[in-house]
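Spelled out, the chains give:
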Amino acid sequence: MCEAVEKDLYAVLGAGPSDSVQKLRHRYQRLALQYHPDRHAGSSSSEAESGMKRFLEVDAAWRILSDQTTRRQYDLQRRAQELKQDLPVDSTVHLQDMMWEQDERVYTYSCRCGGGFHISKEEVEDEAHKRWQDDEEGETEEQEQEGVVVCCDTCSLTVCVTRSLKTNSRTF
């Protein structure tokens, strides 16, 4: 069912997450009849192949969404994937451009609303360590910069605080 999260099964059936099982069944039956391999027996090979692929997609979607348990699991995975989406970032700020507050031990940057963006030395190091581990495991592509999304303490703006991976001359 992991593959299923990549493709929206509701969209495959032309339905929505709030649709009833009866409505899903109706859409499945209509699409299954439309794309059934027997209907495309006399068609060109590429058309028949495309119809067969579509029929298999529709059938796979129906198998998951018709059962209450698997549908619930799919919905949970779908929701988890939605929550993992990146935050909208309003701008990028380089760590070197931020002010170091020795007393509070945080980097700060002024927001246009009058508030500020604050990131601690530990947050920067944690993100650097996490990226280093991902690189070791081969999970990330080669990058020259790393970033941490930071929210303003007053408004809803966010910035991506970056620092260069090639030159780590700045000491914390």
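Residues numbered from 1 in each chain as written. Predicted model: local features only at pLDDT ≥ 70, side-chain atom pairs only at ≥ 80, totals over all residues. Heavy atoms only, no water.

Participant: For the side chain of Thr-158, give the residues involved together with the corresponding values.
Facilitator: You can see Thr-158 is positioned in strand β6 (residues 158-164). Apart from the residues within four sequence positions on either side, Thr-158 is in contact with Pro-88, Val-89, Asp-90, Ser-91, Phe-117, Val-149, Val-150 and Cys-151. (Helix = DSSP H or I, 4+ residues; strand = E, 2+ residues; numbered from the N terminus. Contact = heavy atoms within 4.5 Å.)

Participant: Explain the pattern of salt bridges to me, using residue names and the numbers behind them.
Facilitator: Overall, the coordinates contain four salt bridges when judged by the stated rule. For Arg-54, the salt bridge goes to Glu-57, with nearest N and O atoms at 3.8 Å. Of this pair, Arg-54 and Glu-57 are both found in helix α4 (residues 45-66), three residues apart, which corresponds to roughly one turn of the helix. For Arg-54, a relative accessible area of 23% corresponds to the partly exposed category. Through salt bridges with shared partners, one network takes in Lys-7, Arg-54 and Glu-57. (Salt bridge = Lys/Arg side-chain N within 4 Å of Asp/Glu carboxyl O. Buried < 20%, exposed > 50% of the residue type's maximum accessible area, 1.4 Å probe, protein only.)

Participant: Go over the sheet that holds strand β2 (residues 99-101) with me, naming the residues and quoting the values.
Facilitator: A sheet is described by the order of its strands in space; here three strands give the open sequence β2-β3-β4, paired in antiparallel fashion. Edge positions in the sheet fall to β2 and β4 (116-120), since each has one partner strand and no second. Direction aside, the axes of adjacent strands within the sheet are offset by 30° on average. The pairing of strand β3 (residues 106-110) with β4 spans five bridges and is classified as antiparallel. Within the sheet, the bridge partner assigned to Thr-108 lies in β4 and is His-118. (Pairing = 2+ DSSP bridges. Axes fitted to C-alpha atoms, helices over the stretch in contact; angles between N-to-C directions.)

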